[in-house]
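In case you want the letters, here they are:
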Amino acid sequence: VYGDIRNREAEIHATELSPVEAIRRLIELTFDYDESHVPFIRLVMNENIHRAKYLAKLPSSRNINASVIRTLHEIMKRGVEERVFTNELDPLDLHLFISAFCFFRVSNQHTLKVLFGRDLAEPEMRKRHKKMLVDAGAGKNHGNMRRVEEANGCRCEDREPLGNRFDDGARH
């Protein structure tokens, strides 16, 4: 099941795009995928209810999902080298940021509609949320962090480099 979204990520060849464009495309893909694959969202919700006991039995699950972290690591490393990203973001954190927002919109759309009277599937709301997530994750966020850091006398180069933290999907 996870293999489907990972295959679609591979199809966009994100590592061949500019870092900002690559993150933008991955965010858009995740947003659209989650919206159009409600059964996948439900399956993940159920797996979490069961504390991932079935997922843990699949030996391929870690390897399949490590690919997105490796891809994000490579994109972010290039982005730091090109000075379009700071190196404060961990690839797993960025993945969680993207996935959490996309997943939550789908998994909680009905309760949010009742609680706040807003339909998250409404085209304008969907468009606004997608743009907000892309802006936060793919560029404006990173550029703003750099400007704030420089205004406060912090140099991005002073941070610990990304190095090989996620080359194989595990923290070293």
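In what follows, the structure referred to is the one given above.
Everything numeric in this text was worked out from a predicted model, so none of it was measured.

**Let's talk about the packing of helix 2 (residues 19–36) against helix 3 (residues 38–49)**
At a closest axis distance of 5 Å, the pairing of helix 2 and helix 3 adopts a crossing angle of 85 degrees. Viewed along their axes, helix 2 and helix 3 adopt a mutual orientation that is roughly perpendicular. Residue-level contacts link Tyr-33, Asp-34, Glu-35 and Ser-36 of helix 2 to Val-38, Phe-40 and Ile-41 of helix 3. Along the lines of polarity and charge, the residues of the contact of helix 2 with helix 3 split into four nonpolar, one polar and two charged.

**Considerations on helix 2**
For helix 2, which comprises 18 residues, the first-to-last C-alpha distance of 26 Å matches the rise-based estimate of 26 Å (1.5 Å per residue) to within 8%. Structurally, helix 2 contributes buried residues whose contacts are with helix 1 (2–11), helix 3, helix 4 (61–81), helix 5 (91–107) and helix 7 (123–138).

**Brief notes about the environment of Leu-92**
By secondary structure assignment, the location of Leu-92 is in helix 5. Residue Leu-92 is classed as partly exposed on the basis of its relative accessible area, which comes to 34%. As a C-alpha pair, Leu-92 and Arg-70 span 22 residues in sequence and 9.3 Å in three-dimensional space.

**Topic: unusual backbone geometry**
Although it is not a glycine, Arg-51 adopts a positive phi angle of roughly 60 degrees. Position of Arg-51 among the secondary structure elements: in the loop between helix 3 and helix 4. At Ala-52, a position not held by glycine, the phi torsion is positive, near 60 degrees. Within the secondary structure, Ala-52 is located in the loop between helix 3 and helix 4. Since its relative accessible area comes to 26%, Ala-52 is described here as partly exposed.

**Examining the packing of aromatic side chains**
Across all of its chains, the model carries two aromatic pairs by this definition. A ring pair is formed by Tyr-2 and Phe-40, whose centres lie 5.6 Å apart and whose planes are at 85 degrees; its orientation type is edge-to-face. Of this pair, Tyr-2 sits in helix 1 while Phe-40 sits in helix 3, placing them 38 residues apart in sequence. Residue classification places Phe-40 among the buried residues on the basis of a relative accessible area of 10%. Ring geometry for Tyr-33 against Phe-40: centres 5.7 Å apart, planes inclined by 80 degrees, an arrangement best described as edge-to-face. Through successive ring pairs, a cluster of aromatic residues spans Tyr-2, Tyr-33 and Phe-40.

What counts as what
- Residues numbered from 1 in each chain as written.
- Predicted model: local features only at pLDDT ≥ 70, side-chain atom pairs only at ≥ 80, totals over all residues.
- Heavy atoms only, no water.
- Axes fitted to C-alpha atoms, helices over the stretch in contact; angles between N-to-C directions.
- Helix = DSSP H or I, 4+ residues; strand = E, 2+ residues; numbered from the N terminus.
- Parallel < 35°, antiparallel > 145°, perpendicular 65-115°, else oblique.
- Contact = heavy atoms within 4.5 Å.
- Nonpolar A, V, L, I, M, F, W, Y, C, P; charged D, E, K, R; others polar.
- Expected span 1.5 Å × (residues − 1).
- Buried < 20%, exposed > 50% of the residue type's maximum accessible area, 1.4 Å probe, protein only.
- Phe/Tyr/Trp six-rings, centres within 6.5 Å; stacked < 30°, edge-to-face > 60°.

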